[in-house]
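Structural characterization, general
If you want the building blocks of each chain, they are given just below.
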Amino acid sequence: ALMFALARHIPQANRKLVGGEWDRGFKGIELTGKTLGVVGLGNIGAVVAERAHGLHMKVIGYDPVIDEERAKEIGVDLLPLDDVIKQADIITVHTPMLPETKHIIGKQAFENCKPGMRLINCARGGLVDEAALLEALENGKCGGAALDVYEKEPPEKGSPLVNHPKVVCTPHLGASTFDAQVKVAEIICSNVGNFLTGKDYIGRVN
């Protein structure tokens, strides 16, 4: 959803029209034929890759945990992180928040990316260096960003990042659908039942 909104300036165009302006000057990009870089190829990253194939995007990705066989299964060209950053038209981040992933997309990444690269983060706020992102938006290195998560939640009132004209923002809505809430409840009930009857269950830590 954020990728579509970012590609076609949907929130900005909506605001203008609601405000009484008929502005047809928004020039977006087509997703078909673009290269999507997926950083983190776990369950969510794999689903994003699958959806992107339906849009006829080329999908490349980075994940130090999965192997080439798994990457092939989900149709992703597995590359080093630096190569993903250099080649992607759009980067979407789906890694857990760990000491080694903090600011995984930072100043160096913006220096090495394609001019006008677009960034999406709906995983964890600290994965993106917000100061570096703001600088990249200002100098044109980053063509736009879509954010559902932030280093500080909620962000400061009047945040220059939240208010930036090239940024699409939502208030950490990740799993906020009626469908997701039902599925979570079903998974919890199933796991509890499996645990109590000695069966295997998903999501266990140890």
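A brief structural summary. (Residues numbered from 1 in each chain as written. Predicted model: local features only at pLDDT ≥ 70, side-chain atom pairs only at ≥ 80, totals over all residues. Heavy atoms only, no water.)

1. Re the overall build of the protein chain
So the rule is basically this: In DSSP terms, a helix is any run of H or I states spanning at least four residues, a strand is any run of E spanning at least two, and both are numbered starting from the N terminus. The globule rule used here is 2.2 Å times the number of residues to the 0.38 power, and the radius of gyration it is set against is calculated over C-alpha atoms. In this scheme, a residue with accessible area under 20% of its type's maximum is buried, one over 50% is exposed, and one in between is partly exposed, where area comes from a 1.4 Å probe on protein chains only. Contacts are assigned to residue pairs with any non-hydrogen atoms lying within 4.5 Å of each other. The method behind every accessible area is Shrake-Rupley, applied with a 1.4 Å probe, and residues are considered shielded solely by the protein chains displayed.
In terms of regular secondary structure, the protein chain is built from eight helices and seven strands. Against the 2.2 N^0.38 benchmark of 17 Å for 206 residues, the protein chain shows a C-alpha radius of gyration of 18 Å, consistent with a compact globule. For the protein chain, the spread of C-alpha atoms along the three principal axes comes to 60 × 35 × 35 Å. Taken over 206 residues, the protein chain has a buried fraction of 37%. Within the protein chain, counting contacts between residues at least 6 apart in sequence, those at least 24 apart form 59% of the total. About 12400 Å² of surface is accessible on the protein chain, with carbon and sulfur atoms providing 57% of the total.

2. Let's talk about the pattern of salt bridges
For the record, the criterion: Basic side-chain nitrogens of Lys or Arg form a salt bridge, by our definition, when they fall within 4 Å of a carboxyl oxygen of Asp or Glu.
Here the structure, examined in full by the defined rule, presents seven salt bridges. A salt bridge links lysine 16 to aspartate 23, with the nearest nitrogen and oxygen atoms 2.8 Å apart. On the basis of relative accessible area, lysine 16 is assigned to the partly exposed category, the value being 28%. For aspartate 23, a relative accessible area of 31% gives the class partly exposed. Where lysine 114 meets aspartate 89, a salt bridge forms, and the shortest distance between an N and an O atom there is 2.9 Å. A residue pair is termed long-range when its members are at least 10 positions apart, and lysine 114 in the loop between helix H6 (107-112) and strand E5 (117-121) and aspartate 89 in the loop between helix H5 (81-87) and strand E4 (90-93) qualify at 25 residues. The network of salt bridges with common partners includes Lys16, Glu21 and Asp23.

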